[in-house]
Amino acid sequence: MKSIWVITKRELASYFDSLIAYLMIIIFLILSGIFTWLYGSTIFLIGQADLQVFFGISYWTLFFFIPAITMRSLAEENRSGTIELLSTKAVSDWQIVVGKFLACTLLLVIALACTLPYYISVAQLGDVDHGAVMGGYFGLLLMSGMYISIGIFSSSLTSNQIVAFLLALFIGAFFHILFQFMSSGSTGIVGHAMDYLSVRTHYESLSRGVIDTRDLVYFGSFILAGLVLSQTMLSKRNWHN
Amino acid sequence: MAILIENLTKVYGEQKAVNNISFEIKTGEVVGFLGPNGAGKSTTMKMLTCYMAPTSGKIFLEGLDVDKDPEEIKKKIGYLPENNPLYTDMAIIDYLKFCAEIQGVEKSLVNQRIHKMVDMCGLNQERHKRIGELSKGYRQRVGLAQAMIHDPEVLVLDEPTTGLDPNQIIEIRKLIKELGKEKTVILSSHILSEVEATCDRILIINKGKIVADGTSETLRGQAQGKALIKVQIEAGNGAAIQKSLLGLATVESVKALEEKPDYFLVQSKPDLNSRKEVFDLCVKNGWYLMELTGIETKLEDVFREVTN
């Protein structure tokens, strides 16, 4: 556990040192701020004090931002050879992967925490459904976790950050939107399966404030799968043949 | 810490990078891996440091199996990889702190160890810089510092002196010798004088196999079977001298040096020496023997002989 935290600390520090963290937080705030409060926004018109608009915007901004954060995590180590240094230290491949996952997740938590003023502002305007807001944040966090996990896996496949970025977007796009399209075009079991695989299905029920174990299992299993696959990619050098 | 390697083999695709090698290293030995590029030195080191698993064969450190207890072993090894990869965006001190923490150095000792490493590796002047701003020689020092930060029992250094200037090379060699008094050190190099200067024992590796193993003296001795002497005889007729030298019972071959008249290189037959015979010959013929020097076989010759 201690080793994981050492890695997380280093990763997080390097995000802040290299300005990626600040850029990401600022751009995220600007984009979600503009679309929530100013441009094409319905927040003042619907007569309801809630943050659905913000959650709807973040659903898209995070989809594009997360691959940009995760793309360097392992690809850069592969490129510069520091992976050799890291994996000959007293840590396991699993600890490396989890450490990096936690660093990205923490960065996301910080970014989301910076949007709390939105929540406070809306709460000033009227009665907010606190459950729905909590659920919305929780949903964003779980969705981010899933895309971070996919992003780290993509990053473990290559030593090129751009490839890692595009690959993460490509895989993410299926869950984000493509499965949803496919489900509307098909019926029966296939339709259900596609519907189940789509992130939107699970994200929407969470952002209404309904916390269902099925949704938790969905996000949890994809996070775990991404981490296990990344670890497998790291351990590949260690196979006996 | 004793290291035992048994029938180690690593195959990359079709190519056997390391081919069934076995050897043992005792605690406190400074061992040099010597070999041409692509001989399998780095691959052996990578397997030893748990970076790569061997295709077959076993590695034991003090009885611990690399395959089964990598975590335990990694704590006891300090490793400087071949081209010294570093996190270039980190400050030296932060980086050393990271390495110390991850290697499980006790919290109260971390700062003390960092100070010691900075002193030992001569990083004091540059201590506040980022690694990316350092020259190659200083980066190499940071690489050494991170390898030693947790005071490991075994140091594995893959070409530790590349990129250093002559003064730094001498310093690093001194450091390695110093460390070798209590630790097991394995270093690789393709510079012969380097291993000769630092190592108690030399393993010459070629095409994945160990082709020679011993101290620099024993290795030189092996090649010295045929003693070589350089003589200068002043008597005018070079061809006649060469002919009568060749006529001596102990002499295998004679070569006249082209660039210097009157000089001859005389190689004796195995395990024989021709110095007396040459002297007697000169006395008999009334020639002036101006010079008679024994030529020591260089490690270079041993190296060339076993790797060709």
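See the structure above.
This write-up is about the structure you can find in this document. No experiment lies behind these values; they were computed from the predicted model shown. (Residues numbered from 1 in each chain as written. Chains lettered and ligands numbered in written order. Predicted model: local features only at pLDDT ≥ 70, side-chain atom pairs only at ≥ 80, totals over all residues. Heavy atoms only, no water.)

**Considerations on the nonpolar core**
- By size, the foremost hydrophobic cluster in this structure holds 134 residues, and its most contacted members are V199(A), L61(B), Y95(B) and F98(B).
- In terms of residues, this core owes the most to one element, helix α8 (residues 130-156) of chain A, which gives ten residues.
- Filtering out sequence-adjacent residues up to four positions away, L61(B) remains in contact with M1(B), A2(B), I3(B), L48(B), V66(B), I73(B), I77(B) and V154(B).
- Formed by 14 residues, the second largest nonpolar core is a distinct cluster that contains I229(B), V231(B), I241(B) and C282(B). (Core = buried A, V, L, I, M, F, W, Y, C linked by side-chain atoms within 4.5 Å. Buried < 20%, exposed > 50% of the residue type's maximum accessible area, 1.4 Å probe, protein only. Helix = DSSP H or I, 4+ residues; strand = E, 2+ residues; numbered from the N terminus. Contact = heavy atoms within 4.5 Å.)

**Thoughts on helix α2 (residues 20-38) of chain A**
All names here are of chain A.
- Spanning 19 residues, α2 covers 26 Å between terminal C-alpha atoms, matching the ideal 27 Å at 1.5 Å per step.
- Turning to α2, its buried residues number three or more, namely A21, M24, I25, F28, S32, G33, T36 and W37. Within α2, the buried residues cover an arc of 145° as seen down the axis, which keeps them to one side. Exposed residues on α2 whose side chains face more than 90 degrees from its buried face are L23 and L38.
- Close packing links the buried residues of α2 with α1 (2-17), α3 (52-70), α6 (93-113) and α7 (116-125). (Expected span 1.5 Å × (residues − 1). Arc of directions from axis to C-beta.)

**A look at the sheet that holds strand β1 (residues 3-12) of chain B**
Residues and elements named next belong to chain B.
- Strand order across the open sheet formed by four strands is β2-β1-β4-β5, with antiparallel pairing between neighbours. Each of the sheet's edge strands pairs with one partner strand only, and the pair in question is β2 (15-25) and β5 (64-65).
- Where strand β4 (residues 56-61) meets β5, two bridges bridge the pair, whose relative direction is antiparallel. Bridging from a neighbouring strand, F60 pairs with D65 of β5.
- Across the sheet, helix α1 (residues 41-48) lies against β1, β2 and β4, angled at about 120° from β1, the strand it touches most. (Pairing = 2+ DSSP bridges. Axes fitted to C-alpha atoms, helices over the stretch in contact; angles between N-to-C directions.)

**Description of a positive patch on the surface**
- On the surface, K2(A), K75(B), K97(B) and K107(B) cluster together into a positively charged patch.
- Secondary-structure assignment places K2(A) in helix α1. (Patch = residues over 30% accessible without salt bridge, like charges linked within 9 Å, V, L, I, M, F, W, Y side chains within 5 Å. Areas by Shrake-Rupley, 256 points an atom, 1.4 Å probe, with all protein chains shown as cover. Salt bridge = Lys/Arg side-chain N within 4 Å of Asp/Glu carboxyl O. Lys, Arg positive; Asp, Glu negative; His and termini not counted. Charge placed at Lys NZ, Arg CZ, Asp CG, Glu CD.)

**Overview of the packing of α8(A) against helix α9 (residues 161-185) of chain A**
Residue and element names in this part refer to chain A.
- The contact between α8 and α9 brings their axes to 8 Å, and the two run at 140°. With respect to α9, the element α8 is oriented oblique. Along this stretch, α8 crosses α9, giving a crossing that reads as right-handed. Along its contact with α8, which presents M143, M146, Y147, I150, G151, F153, S154 and S155, the element α9 presents A164, L167, A168, I171, G172, F175 and H176. (Parallel < 35°, antiparallel > 145°, perpendicular 65-115°, else oblique. Left-handed = near helix turned anticlockwise from the far one by under 90°.)

**Describing the interface of chain B and chain A**
- Each partner contributes to the interface: chain B provides 28 residues, whereas chain A provides 28 residues.
- Carbon and sulfur atoms supply 54% of the area that chain B and chain A bury against each other, a total of about 2600 Å² over both sides.
- The largest per-residue losses of area from chain B upon contact with chain A belong to Y51(B), Y87(B) and I102(B), which jointly make up 27% of the total buried on that side.
- Counting every contact that joins chain B to chain A gives two salt bridges.
- For K9(A), the salt bridge is made with E101(B), and the minimal N-O distance between the two is 3.4 Å.
- On the surface where chain B and chain A come into contact, there are eight residue pairs in polar contact (both at pLDDT 80 or more).
- Listing elements by their share of the side of chain B that touches chain A, those giving two or more residues are α2 (70-76) and α3 (92-102) of chain B. (Buried area = accessible area lost by both parts, 1.4 Å probe. Polar contact = N/O pair within 3.5 Å; in protein donor to acceptor, adjacent residues only side chain to side chain.)

**A word on the packing of α1(A) against α6(A)**
Residue and element names in this part refer to chain A.
- Contact geometry for α1 and α6: axes closest at 8 Å, N-to-C directions at 45°. As summarised for this structure, α1 and α6 are arranged oblique, according to the angle between their axes. Between α1 and α6 lies a crossing of right-handed hand. Contacts between α1 and α6 involve S3, I4, W5, I7, T8, E11, L12, Y15 and F16 from the former and Q95, I96, V98, G99, K100, L102, A103, C104, L106, L107 and I110 from the latter.
- Here the contact of α1 with α6 is built from residues that sort into 14 nonpolar, four polar and two charged. (Nonpolar A, V, L, I, M, F, W, Y, C, P; charged D, E, K, R; others polar.)

**Comments concerning the packing of aromatic side chains**
- By the definition in use, this model includes 23 aromatic pairs over all chains.
- Here the aromatic rings of F54(A) and Y118(A) are separated by 5.4 Å at their centres, their planes lie at 85°, and the arrangement is edge-to-face. One end of the pair, F54(A), is in helix α3; the other, Y118(A), is in helix α7, with 64 residues separating them in the sequence. The same class applies to F54(A) and to Y118(A), which are both buried.
- Geometrically, the ring pair formed by Y59(A) and W60(A) is edge-to-face, given 6.1 Å between the ring centres and 90° between the ring planes.
- Taken together through their ring pairs, the aromatic side chains of F170(A), F174(A), F175(A), F179(A), Y196(A), Y218(A), F219(A) and F222(A) make up a single cluster.
- The side chain of R10(A) reaches across the aromatic face of Y87(B), ending 3.6 Å from its centre. (Phe/Tyr/Trp six-rings, centres within 6.5 Å; stacked < 30°, edge-to-face > 60°. Lys NZ or Arg CZ within 6 Å of the ring centre and 35° of its normal.)

**Quick notes on the sheet that holds strand β9 (residues 201-206) of chain B**
All names here are of chain B.
- Sheet architecture is open: six strands sit in the order β6-β7-β8-β3-β9-β10, paired in mixed fashion. Taken across any chain shown, the strands that pair with only one partner, and hence form the sheet edges, are β6 (77-80) and β10 (209-214). Looking at each pair of strands side by side, their axes are set apart by 15° on average, direction ignored.
- The sheet contact formed by β6 and strand β7 (residues 154-158) spans four bridges and is parallel. Considered in β7, the bridge of Y79 is made with V156.
- Contacts from helix α6 (residues 166-179) reach β3 (30-34), β7 and β8 (184-189) within the one sheet, and its direction differs from that of β8 by about 150°.

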